[in-house]
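The residues making up each chain are set out below.
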Protein chains: 2
Amino acid sequence: MPAEAKVNAKVNKVAKVEARAAAPASAPLTERQEARRRRILHASAQLASRGGFDAVQMREVAESSQVALGTLYRYFPSKIHLLVATMQDQLEHMHGTLRKKPPQGETAAERVAETLMRAFRALQREPHLADAMVRALTFADRSVSPEVDQVSRQTTAIILDAMGQENPTPEQLSAVRVIEHTWHSALITWLSGRASIAQVKIDIETVCRLIDLTAPDARK
Amino acid sequence: MPAEAKVNAKVNKVAKVEARAAAPASAPLTERQEARRRRILHASAQLASRGGFDAVQMREVAESSQVALGTLYRYFPSKIHLLVATMQDQLEHMHGTLRKKPPQGETAAERVAETLMRAFRALQREPHLADAMVRALTFADRSVSPEVDQVSRQTTAIILDAMGQENPTPEQLSAVRVIEHTWHSALITWLSGRASIAQVKIDIETVCRLIDLTAPDARK
DNA sequence: ATCAAGTCTGAAACTTGTTCTAGATTAGCG
DNA sequence: CGCTAATCTAGAACAAGTTTCAGACTTGAT
């Protein structure tokens, strides 16, 4: 029964992934391994930049990064894992870049909106890459949860940074989660051509109002 | 070049789909065709209910609905199209059901949250089906835009119904869009096991506050 | 330096979405 | 009714993600 076979395969995959994710320091990669990993992520981002999700073909990634297909799958157990890892990589860059020039807005809401719009403009420069990463992120199933969660934490960190809020209240954390939801979904609608850039901007600004609404000193 | 071949294929597909979507009345299906379409959607929902996105295999759908594979593809040009159509179908049901018992909340925000939570509970009864539909929806690319847009309009209608707002302001429409974003994205996080039911509830309630914030008579 | 364990490679095989083809069936029309 | 175009069917073929395997190469420990 093929369906059953696939299910078993997935179970195995999950186990493997969790083993690695649970103890990232337990498998200290050698230099050459680190280099391989880098080459793979680079090839992935390159192919994605060219043609989006569909253009990232595992065989091509393997070839571009000078690695056997089996090895590619050892490093990243699925195409989705690979693209989510690519996103993690890009997000780190982004966070570093954003840190350098903190947003200037008066209110926390303004600063968050400004930061997200800056990130959005960065994504617009590589729309195909954005497509690949965001599609992978929202298509990911449970087997990729740890990695997707990591991306989510990183995004949260960026937003909290912009808020300049050291100890957010639970209410504020809810607002931040909602902002992230809006951010991802708005990106999707933009990428699939159902919303304009202007509309994304409005949506971001709209949702950011929630921040002021939940500010500890501005309780209604 | 295989990539190019695929691109061309997609272009063709888009053209075909638009032709049908642009003039739904231009192709009045015969009775048997209508029956076939129904059988296909039914099989799709059935398989999805059983095992989610992965369990909806085109060959199986074709077999279950007593239709040749080529015919299935004539009716629904891709698996994503099929699942989005399945979602349209389910949404209509849902809208009908929700209409029967209007929400009881005092404020518009409460009523919308109540309605969405009711829909959420319905989805919880068939989590695999929800998985298949929502994943398809967010994974859909430009070639499915018309259909996805239709789903979006239907969702908007449900929310506006709950608000009891005949003539929403542009500001309110923004709020509704943000609510939809949050709705979809929160569902995804729940389906992939990264958020609990309680968390989804909080997020929905949080985002619904935007409605009161943008109510025409409650401008701050 | 040597051995065992783990890793990498190249290639083939398998799965499932998608396309294609040749022939049978059906629908609509004169 | 009889024709023609459209539709449907069965089945092969193809594309890309994923798995598997045998053999070559590295690594780390003794």
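From a predicted model like this one, the values you see are computed outputs, not experimental measurements. (Residues numbered from 1 in each chain as written. Chains lettered and ligands numbered in written order. Predicted model: local features only at pLDDT ≥ 70, side-chain atom pairs only at ≥ 80, totals over all residues. Heavy atoms only, no water.)

### Quick notes on the relation of the copies chain B and chain A
The operation relating the pair of chain copies consists of a rotation about an axis and a translation along that axis. Its rotation angle being 180 degrees, the transformation that places chain B on chain A also includes 0.0 Å of axial translation and leaves an RMSD of 0.1 Å. Within this description, the copies of the chain are treated as partners about a two-fold rotation axis. For chain B, the smallest separation between a C-alpha atom and the rotation axis is recorded for Thr182 of chain B, amounting to 2.7 Å. Both copies share a contact surface, since 97% of the interface residues of chain B are interface residues in chain A too. (Least-squares fit on C-alpha atoms with pLDDT ≥ 70 in both. Contact = heavy atoms within 4.5 Å.)

### Topic: the UniProt feature "DNA-binding region" (unreviewed entry) in chain A
Per the UniProt record, "DNA-binding region" (unreviewed entry) is found at residues 57-76 of chain A. Between the end C-alpha atoms of residues 57-76 of chain A there is a gap of 13 Å, over a span that is 70% helix and 0% strand. (UniProt positions renumbered as here; feature names shortened; annotations may be inferred. Helix = DSSP H or I, 4+ residues; strand = E, 2+ residues; numbered from the N terminus.)

### Some thoughts on the interface of chain B and chain A
In this assembly, 37 residues from chain B lie in contact with 36 residues from chain A. Taking both partners together, chain B and chain A bury about 3,500 Å²; carbon and sulfur atoms supply 54% of that area. When the buried area of chain B at its contact with chain A is split by residue, Phe139, His181 and Arg209 of chain B rank highest and sum to 19% of it. Inspection of the region where chain B meets chain A yields six salt bridges. Across the pair Asp203 of chain B and Arg177 of chain A runs a salt bridge whose closest N-O atoms are separated by 2.8 Å. Here chain B and chain A share 14 residue pairs in polar contact (both at pLDDT 80 or more) between them. Ranked by residue count, the leading element in the side of chain B that touches chain A is helix 9 (residues 170-191) of chain B, at 12 residues. When its residues are assigned to classes, the side of chain B that touches chain A shows 13 nonpolar, 12 polar and 12 charged. (Buried area = accessible area lost by both parts, 1.4 Å probe. Salt bridge = Lys/Arg side-chain N within 4 Å of Asp/Glu carboxyl O. Polar contact = N/O pair within 3.5 Å; in protein donor to acceptor, adjacent residues only side chain to side chain. Nonpolar A, V, L, I, M, F, W, Y, C, P; charged D, E, K, R; others polar.)

### A look at the protein's contact with DNA strand C
Around DNA strand C, the surrounding shell holds 21 residues, and the nearest of these are Arg36, Thr71 and Tyr75 of chain A together with Arg59 and Lys79 of chain B. Close to the protein, within 4 Å, the atoms of DNA strand C belong to sugar or phosphate groups at a rate of 62%. Between DNA strand C and Thr71 of chain A there is a distance of 2.7 Å, counted from a phosphate oxygen to a side-chain nitrogen or oxygen. At 3.1 Å from a phosphate oxygen of DNA strand C is found a main-chain nitrogen or oxygen belonging to Met58 of chain B. Among the elements that make up the surface near DNA strand C, the one with the highest residue count is helix 4 (residues 69-75) of chain A (three residues). (Near = heavy atom within 4 Å.)

### Observations concerning the side chain of Ser143 of chain A
Residues and elements named next belong to chain A. Within the element layout of this structure, Ser143 appears in the loop between helix 7 (127-139) and helix 8 (145-163). Take Ser143: its relative accessible area is 12%, and that puts it in the buried class. Of note is the side chain of Ser143, whose polar atom sits 2.8 Å from the side chain of Asp141. (Buried < 20%, exposed > 50% of the residue type's maximum accessible area, 1.4 Å probe, protein only.)

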